Amino acid sequence: MAYIGRIGTPLFANFSYFFWTMKLDYSQFYNGYHLLSLLFFSAVAWWIGGQYDHKRQVNEKLKEKRNELQSLLDNVDAALWSLDYRTNRFSLSKGFERILGIHIENAYDWEAIWKKYIYHEDFKKMADFLEQYRADEKKLVNTIECRISDGQQIKWVEIKLSPVRNEKGELIKTNGIILDITDRKESDEQIKALAYTDTLTGLPNRTALFWDLNERMRAGKETALLIIDLDRFKMVNDSFGHRAGDVLLKEAAGRFESVLREGEGAIYRYGGDEFWLIGYDTNKVRMTLLAEALLETLTAPFEIQGHDIVITPSIGISTSPADAEKLDTLLMYAVSAMRIAKEKGRNNYQFFDSVLYNRLQRKAALEKELQRAIWKSELFLAYQPQVDLVTGNITGFEALIRWKSSVFGNVSPAEFIPVAEESGLITSIGEWVLREACLQSNRWYKKGYGRLGMSVNISVQQFQNRHFVETFQAIIQETEMDPAFLQIEITESMMQNTQETKWILDQLKGVGVKVSIDDFGTGYSSLSVIKELPLDCLKIDQSFVRDVTTSKKEAAIVKNIIDLADNLELNVVAEGIESADQLDMLRQLGCQTGQGYWFSRPLPECDADKLLEAQPKGTLLDKMEA
């Protein structure tokens, strides 16, 4: 069959010549003219037949290739199509049947297809895309992702359009491909869910929080940010285990979600024991109601592992644009408000307040400078004399820390000591104070002023440090201080754990130091505790001394403290003596020792030296009476 043209065409040509020209007369074959004619027509027919065979073979190969290509296109997981605007010819692959779920014969009405199958929420998106596609003459490939629906299910598709333009730039043809990306979208959603969801609580996580916050801030939408920190959550983990803590966090997340009404906001787990809430309304009344509802939802105890666990939140609130227009500032203000809520006793909410924020900023700056204060030699000790109320002689000094900052100037101890305690710096500062006080006592001894008592205040954190006793003993040895003239002052709050306190004090008493209770009468120590502890002195708080001459109740309290000390064989020191009347009353009540502004303010070392130099010339009582 490959040479049917080359064989058939010459045969047909020769037979036709024999029939029409030679009239079927065989004798004509011997005629040279006819014989040459037959040979000529055979050659021409052979050439024509060859052309026919070649064209037929080419067409068969093209058909075979076209069938192969069509088979490939029909089996590709995509719908391929082409639209010629000149002829309005629309060709497509069978992928339309798989993706759109329609028979291919019904897929040739282009406009009807899109109007019917494009998901209604994406119809405008598709219309805008097609309009931009026709207008853009430079882009070679245009892509859009949208949804299609056959009324039963929704699929995601990716549509790519490639334009063909003539020399004038006119659109004459569009080639397109439609890919079913539903599986990819579902995978993306799963990945996104993992990336944006907290695995423990199921709430959106920190990544989702910052994404949503950035979107709202960029759009200029009013936004309230509430930071919810669970108070003392670490105690739950420490007491009941981390699994119990996880259960509590999950239940707390559920309670917070139940508080939010639709369209009111979104709750996120920031991490640890912190939940952050984005409010869509910055109205202060509504935010107040929301914060109170969040507090209220945690009032009921959590039943975990057979225990009723109560936990409270501290909530800080800042708003945009009222408080801040930038995200970082909004976050910083909300954090500061939350810290203020904790400072005010926890279990409350606080809106951002610029005055309180400035106070926190100063506090943070003080902490930063306080870390450098020791090695910058900005800390120093002031010494307030303790006076024998009978003889008027100075019996010792109380070492009081002072700070002259190169940045803030003179900073009150009432301001920087709480900062040191909260930051943990108080331990290293306390060690420095103890060392300096011991060295100063030795300097006075070497100057010939005799052995004077030196009282040093010990902080709670310092006292509870497990290395406190060893450090204390090391400083005593290092400074060569005579421990008999060193007295440490502790507060009643340190005496809650009697056994532990007694053990520490016994170790210190073994060294030879004295122990005094500072601000006695303002705490909650019981007589049984005082009886058990190895004490040497009680210091009457200045709040009792202040009204000792005008209030019978205050005088009675002071008298009872003095009598108690006498019966327990303890010394007594009255703090805050500021007048002659107070001094006389304390003498009458039997007080042995006192200190206060009536005698002297706390003095720097040089002024304390002058006071001691003048001691042989007259007692402090003589000077006061003069």
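Each remark here, short or long, concerns the structure printed above.
Figured I'd write up the structure that's included with this text. (Residues numbered from 1 in each chain as written. Predicted model: local features only at pLDDT ≥ 70, side-chain atom pairs only at ≥ 80, totals over all residues. Heavy atoms only, no water.)

## With respect to helix H22 (residues 605-613)
- What H22 keeps buried is the set Ala608, Asp609, Leu611 and Leu612. Mapping the buried residues of H22 onto a view down its axis gives an arc of 160°, with all of them on the same face. (Buried < 20%, exposed > 50% of the residue type's maximum accessible area, 1.4 Å probe, protein only. Helix = DSSP H or I, 4+ residues; strand = E, 2+ residues; numbered from the N terminus. Arc of directions from axis to C-beta.)

## Examining the packing of aromatic side chains
- Under the defined criterion, the tally for this structure stands at 14 aromatic pairs.
- Here Tyr333 and Tyr357 contribute two aromatic rings whose centre-to-centre distance is 4.8 Å and whose plane-to-plane angle is 70°, an arrangement assigned as edge-to-face. Of the two residues, Tyr333 sits in helix H11 (residues 327-343) while Tyr357 sits in helix H12 (residues 354-373), which places them 24 residues apart along the sequence. Taken individually, Tyr333 and Tyr357 each receive the classification buried, so the pair is uniform in this respect.
- Both rings, one in Phe397 and one in Trp444, keep their centres 4.7 Å apart while their planes meet at 35°; by these two values the pair is tilted. Taken together, the positions of Phe397 in strand E14 (residues 394-405) and Trp444 in helix H14 (residues 426-446) put the pair 47 residues apart, joining distant regions of the chain.
- Overall, Trp444 belongs to the buried group, its relative accessible area being 1%.
- By way of ring pairs, the aromatic residues Phe210, Tyr270 and Trp276 are connected into one cluster. (Phe/Tyr/Trp six-rings, centres within 6.5 Å; stacked < 30°, edge-to-face > 60°.)

## Brief notes about the nonpolar core
- Leu370, Phe397, Met454, Phe472, Leu486, Ile490 and Leu505 are the most contacted members of the largest nonpolar core, which totals 76 residues.
- Excluding residues within four positions of it along the chain, Ile490 makes contact with Ile458, Phe463, Met495, Leu505, Val515, Ser516, Ile517 and Asp518.
- The next biggest cluster of nonpolar side chains, apart from the first, holds 32 residues, and it includes Val236, Phe275, Leu295 and Ile309. (Core = buried A, V, L, I, M, F, W, Y, C linked by side-chain atoms within 4.5 Å. Contact = heavy atoms within 4.5 Å.)

## Considerations on the pairing of strand E13 (residues 379-388)
- For E13, the tally of buried residues reaches 8 of 10 residues, placing the bulk of the element in the interior.
- Bridge count for E13 against E14 is 9 bridges, and the pairing is antiparallel. Within E14, the position partnered with Leu379 by the bridge is Trp403.
- Turn length for the E13-E14 hairpin, with the two strands adjacent in sequence and antiparallel, is 5 residues, and the turn residue Gly392 shows positive phi of about 80°.
- Bridge analysis of E13 against strand E21 (residues 593-594) gives 2 bridges, and the strand direction is antiparallel. Within E21, the residue paired with Asp388 across the bridge is Thr593. (Pairing = 2+ DSSP bridges.)

In short, shape yes, function no, at least from these values alone.
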